[in-house]
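Structural features, examined
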Amino acid sequence: MILLGMVIGVSGGVLSGRGLSDILASVLLAFLLMYPLYMIGALGAGDVKLFVMIGSFMAAGEFLAVLAGAFVIGAGFSLIKLSVEKNGRERFRYFFSYLHDVMRTGHWRIYGEDLKQDYHTYCKNKIHFAVPILFSAVCRIGGLF
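Criteria and cut-off values
- Residues numbered from 1 in each chain as written.
- Predicted model: local features only at pLDDT ≥ 70, side-chain atom pairs only at ≥ 80, totals over all residues.
- Heavy atoms only, no water.
- Patch = residues over 30% accessible without salt bridge, like charges linked within 9 Å, V, L, I, M, F, W, Y side chains within 5 Å.
- Areas by Shrake-Rupley, 256 points an atom, 1.4 Å probe, with all protein chains shown as cover.
- Salt bridge = Lys/Arg side-chain N within 4 Å of Asp/Glu carboxyl O.
- Helix = DSSP H or I, 4+ residues; strand = E, 2+ residues; numbered from the N terminus.
- Buried < 20%, exposed > 50% of the residue type's maximum accessible area, 1.4 Å probe, protein only.
- Phe/Tyr/Trp six-rings, centres within 6.5 Å; stacked < 30°, edge-to-face > 60°.
- Expected span 1.5 Å × (residues − 1).
- Contact = heavy atoms within 4.5 Å.
- Axes fitted to C-alpha atoms, helices over the stretch in contact; angles between N-to-C directions.
- Parallel < 35°, antiparallel > 145°, perpendicular 65-115°, else oblique.
- Left-handed = near helix turned anticlockwise from the far one by under 90°.

Turning next to a nonpolar patch on the surface. Taken together, the side chains of L28, F31, L32, Y35, Y38 and M39 define a hydrophobic patch exposed on the protein surface, amounting to about 580 Å² of accessible area. Mapped onto the elements of the fold, F31 is located in helix α2 (residues 20–39). By relative accessible area, F31 is classed as partly exposed at 36%.

Right, here's the structure in full:
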């Protein structure tokens, strides 16, 4: 589906007069910004591919607006989830411990990797980021930002 979306995005862009270099720049920007987040486990591979596909449809500036919107909407979803799960202190403590460990060692590690042995806890602390990406893209297309 992602590949089909990219083919449609690139084809539509070329047919509408958008230069291939502009399209490839947006796709490359999406990949370069999202890949490091994937490498530390902050985003899934599907989220990265979804952002790359969105980059094939939009100019770099529009893509950055969708990206920023997705993270703001995702933060809102996360705050709601923290409130519902009532584990905000625990999650913030874990996050700051993770940052401290990264700064102390100078090496990135996969975020939440040590929680994988308890799969329920691991999944309980995640949101499906494709939903904020969708909402952000719809808001951008609809002219809300």
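Here we come to the packing of aromatic side chains. Under the definition given, this model contains ten aromatic pairs. With 5.8 Å between their ring centres and 80° between their planes, F77 and F135 make a pair best called edge-to-face. In this pair, F77 sits in helix α4 (residues 60–85) while F135 sits in helix α7 (residues 130–141), placing the two residues 58 residues apart along the sequence. Look at F95 and F96: their rings are 5.4 Å apart centre to centre, the planes differ by 65°, and that puts the pair in the edge-to-face class. Looking at F96, the relative accessible area reads 51%, which means it is exposed. Here the aromatic residues Y94, F95, F96, Y98 and Y111 are joined through ring pairs into a cluster of three or more.

Between its terminal C-alpha atoms α4 stretches 36 Å, which fits the 38 Å expected from 26 residues at 1.5 Å a residue. Among all positions of α4, only F63, A65, V66, L67, G69, A70, I73, G74 and L82 are buried. Looking at the buried residues of α4, the elements they touch are α2, α3 (45–57), α5 (88–105) and α7.

This next bit is on the packing of helix α1 (residues 2–15) against α3. Relative to each other, α1 and α3 sit at 15°, their axes nearing to 7 Å. Considering the angle they form, α1 stands roughly parallel to α3. Judged by the sense of rotation from one axis to the other, the crossing of α1 with α3 is left-handed. Contact residues: α1 offers I2, G5, M6, I8, G9 and V10, while α3 offers K49, L50, V52, M53, S56 and F57.

Structural measurements only, silent on function.
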